[in-house]
There are 2 protein chains.
Amino acid sequence: MTRTTPKIQPYSQECSDCPIRHRAVCARCEGEELDALEQIKYYRSFEAGQTVVWAGDKMDFVASVVTGIATLSQTMEDGRRQMVGLLLPSDFAGRPGRETSAYDVTAATDLVMCCFRKKPFEDIMLRTPHIGQRLLEMTLDELDAAREWMLLLGRKTAREKIASLICIIARRDASLQLNAADGALRFDLPLTREAMSEYLGLTLETVSRQMSALRKEGLIMTEGKRQIVIPDFDLLLEETGDDSDGGFLV
Amino acid sequence: MTRTTPKIQPYSQECSDCPIRHRAVCARCEGEELDALEQIKYYRSFEAGQTVVWAGDKMDFVASVVTGIATLSQTMEDGRRQMVGLLLPSDFAGRPGRETSAYDVTAATDLVMCCFRKKPFEDIMLRTPHIGQRLLEMTLDELDAAREWMLLLGRKTAREKIASLICIIARRDASLQLNAADGALRFDLPLTREAMSEYLGLTLETVSRQMSALRKEGLIMTEGKRQIVIPDFDLLLEETGDDSDGGFLV
DNA sequence: CATGTCGTTTGATCTGCATCAAGGCGCGAG
DNA sequence: CTCGCGCCTTGATGCAGATCAAACGACATG
């Protein structure tokens, strides 16, 4: 199956056989239901840095990330910002039953979203209980991720935060990507130092310093702009402060 | 309607007319559905400090807080702890479809929970879509609260954190409680300094110092053990760093 | 009444990260 | 080629909150 840059193609053609679809809100939809979703969906593309919606603005759709990365952030009056959500392909954005967005939604990289008009989506949800069930599952997963994130923000050191972030992205991303032969893990971390600092509750200088430290110690290597290589994943894991086993859900 | 200490009484008798019921997972249940829930429910009481379940332990029920306060916490190997959930009356605990608890669940005060055996609860959920819908709503609310909490953990100063916590409890709690004539807000903050520090990602010494500071400045007053009086709520709100309007959901 | 325990307060000192500041590197445009 | 811009790195310094330490008040127990 050849993949083309998504424009206005059926969701099913786009993702039906790929891992993304199996994690998305429509994971268990088939036949008629999928057709109904087709009717109300449309794609939107954004360039890295563009804002999808501002906190407080009207948001008349819900959406699912097809390619790229989106972030949810909150801003305080004086400009302090905290990222509160990181959406990778298959992740869901928007809240049924709410008019406006509670967060700034921003494209961290070039981004394609598959949007569903909200009102009809809600109607389909009511008719099709398993969409609601799937959404509940996804929301519970997100809540677990948020709680893991709270531990990171409240109790981890800068070094542990950086190591954790790299591991989190590696786990989510690398599963869809290539896995080098020598056991090293190669993937790209498509976040600026500033985005990382907003994720971690640090300043960008601290992020830069800690990245340099991990690099000097050989725990990570960087190639070119944002390619990261982890020679030994378990070694990096030990720097996260997490339990060696279990740990992250999602 | 006289209230008695809950022992083994029907959920409906216990809460049908009180604000708790209207926020709980069974908010929209009636007749048969409520009867079905009656069949599978039982109360459990805990003393302040007791553990309801440990992270990783089997948890074969879901539950809703009737009276008292429960907390969800995560612990790192070296003992650092972060609270990730604070459950007040009507709040829901437990995840359908998961065998074990992901968090330590602890009684912060004397606590009564209304438990539903998990398997039958899941069955009822499948038969009764609006329970799932209600649970989705509640989970989305919790996710919003978690994200507000992340902003607090990542970006607020110790002083702002304390002020925020007091306002959060006051809003949730005071709505069920008395409201003094002179515009002052009186309620009890039934958390130890240690519990507060676990909530806020601080040490208990810092919590104590900041509480003293707010007291000296007259922003709060304390009466006896844990009674708190807020002479001017708006004044305290300004110390939270939040937008003056909107702000907390839930 | 002395003794112990638990939660809390307060003081003295230390330190990890923020803040302020200056360059460096890659890249596209003129 | 040079200039400017976006992003990143590194250095010097300061401070908020952690850590270590002591003692207090309330309350229970022998």
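The shown structure was predicted, so the numbers you read here are calculated from the model rather than taken from an experiment. (Residues numbered from 1 in each chain as written. Chains lettered and ligands numbered in written order. Predicted model: local features only at pLDDT ≥ 70, side-chain atom pairs only at ≥ 80, totals over all residues. Heavy atoms only, no water.)

**Q** What is the right way to look at the protein's contact with DNA strand C in this model?
**A** What surrounds DNA strand C is a group of 17 residues, the closest being Thr206(A), Arg193(B), Ser208(B), Arg209(B) and Ser212(B). For DNA strand C, the backbone portion of the atoms within 4 Å of the protein, that is sugar and phosphate, comes to 58%. In the environment of DNA strand C, a base oxygen lies 2.9 Å from a nitrogen or oxygen atom belonging to the side chain of Arg209(A). In the environment of DNA strand C, a phosphate oxygen lies 2.8 Å from a nitrogen or oxygen atom belonging to the side chain of Ser208(B). Among the secondary structure elements, those contributing two or more residues to the surface near DNA strand C are helix H8 (204-216) of chain A together with helix H8 (204-216) of chain B. By residue number, the principal contributor to the surface near DNA strand C is H8(B), which donates six residues. Taken together, the residues of the surface near DNA strand C break down into three nonpolar, seven polar and seven charged. (Near = heavy atom within 4 Å. Polar contact = N/O pair within 3.5 Å; in protein donor to acceptor, adjacent residues only side chain to side chain. Helix = DSSP H or I, 4+ residues; strand = E, 2+ residues; numbered from the N terminus. Nonpolar A, V, L, I, M, F, W, Y, C, P; charged D, E, K, R; others polar.)

**Q** Any chance you could explain unusual backbone geometry here in plain terms?
**A** Negative phi values dominate among residues other than glycine, just as trans dominates among peptide bonds. With a phi angle near 90°, Ser90(A) is a residue other than glycine that sits in the positive phi range. Among the secondary structure elements, Ser90(A) is positioned in the loop between strand S5 (81-87) and strand S6 (92-93).

**Q** Is there a simple way to explain the protein's contact with DNA strand D in this structure?
**A** Around DNA strand D sit 17 residues, and of these Arg193(A), Ser208(A), Ser212(A), Ala158(B) and Thr206(B) come closest. For DNA strand D, a phosphate oxygen lies 2.8 Å from a polar atom in the side chain of Ser208(A). Within the side chain of Ser212(A), one N or O atom sits 2.8 Å away from a phosphate oxygen of DNA strand D. For the surface near DNA strand D, the elements supplying multiple residues, two or more each, are H8 of chain A together with H8 of chain B. The biggest single contributor to the surface near DNA strand D is H8(A), with six residues. Looking at side-chain class alone, the surface near DNA strand D contains three nonpolar, seven polar and seven charged residues.

**Q** What am I meant to see in the relation of the copies chain B and chain A here?
**A** Between the two chain copies there is a screw-like relation: a rotation about an axis and a shift along it. It takes a turn of 180° to lay chain B on chain A, together with a shift of 0.0 Å along the axis; the resulting RMSD is 0.0 Å. Seen this way, the second copy is the image of the first under a two-fold rotation axis. Both copies contact each other with a shared surface, as 100% of the interface residues of chain B are interface residues in chain A too. (Least-squares fit on C-alpha atoms with pLDDT ≥ 70 in both. Contact = heavy atoms within 4.5 Å.)

**Q** Can you walk me through helix H3 (residues 31-39) of chain A in this structure?
**A** In an α-helix, one turn spans 3.6 residues, which is why side chains three or four residues apart end up on the same side. All names here are of chain A. Every buried residue of H3 is accounted for by Leu34, Leu37 and Glu38. Projected down its long axis, H3 shows its buried positions confined to an angular sector of 105°, all on one face. Of the exposed residues in H3, those oriented more than 90 degrees away from the buried face are Glu32 and Gln39. (Buried < 20%, exposed > 50% of the residue type's maximum accessible area, 1.4 Å probe, protein only. Arc of directions from axis to C-beta.)

**Q** I tried to follow the sheet that holds strand S10 (residues 221-223) of chain B on my own but got confused; where do I start?
**A** Two orientations exist for strands paired in a sheet by backbone hydrogen bonds: parallel and antiparallel. Residue and element names in this part refer to chain B. If you walk across this open sheet you meet the three strands as S9-S11-S10, and the pairing is antiparallel. Strand pairing shows two members of the sheet lacking a second neighbour, strand S9 (185-188) and S10, which therefore form its edges. For this sheet, the mean inter-axis angle between neighbouring strands, taken without regard to orientation, is 25°. Strand direction decides the pairing type here: S10 and strand S11 (residues 227-230), joined by three bridges, are antiparallel. Bridge pairing in S11 links Met221 to Val229. (Pairing = 2+ DSSP bridges. Axes fitted to C-alpha atoms, helices over the stretch in contact; angles between N-to-C directions.)

**Q** Can you walk me through the pairing of strand S3 (residues 61-67) of chain B in this structure?
**A** Side-chain direction in a regular strand flips from residue to residue, so the side chains alternate between the two faces of the sheet. Residues and elements named next belong to chain B. Summarising burial for S3: six of the seven residues are buried, a large majority. Here S3 runs beside strand S8 (residues 111-117); their pairing, made up of six bridges, is antiparallel. Bridged to Phe61 within S8 is Arg117. In this structure, S3 lies alongside strand S6 (residues 92-93), joined through two bridges in antiparallel fashion. Paired with Ser64 across the two strands is Phe92, which belongs to S6.

**Q** So what exactly am I meant to see when it comes to the interface of chain B and chain A here?
**A** In this assembly, 48 residues from chain B lie in contact with 48 residues from chain A. When chain B packs against chain A, the two sides together hide about 4200 Å² of surface, and 55% of this comes from carbon and sulfur. By the criterion of area lost to chain A, the three top residues of chain B are Arg147(B), Met150(B) and Arg155(B), representing 19% of everything that side buries. Counting the contacts that link chain B with chain A gives ten salt bridges. For Asp141(B), the salt bridge identified is with Arg95(A), shortest N-O distance 2.9 Å. Between chain B and chain A we count 24 residue pairs in polar contact (both at pLDDT 80 or more) in total. Looking at the side of chain B that touches chain A, the elements with two or more residues in it are strand S4 (70-75), strand S5 (81-87), helix H4 (118-127), helix H5 (129-155) and helix H7 (193-200) of chain B. Among the elements that make up the side of chain B that touches chain A, the one with the highest residue count is H5(B) (20 residues). (Buried area = accessible area lost by both parts, 1.4 Å probe. Salt bridge = Lys/Arg side-chain N within 4 Å of Asp/Glu carboxyl O.)

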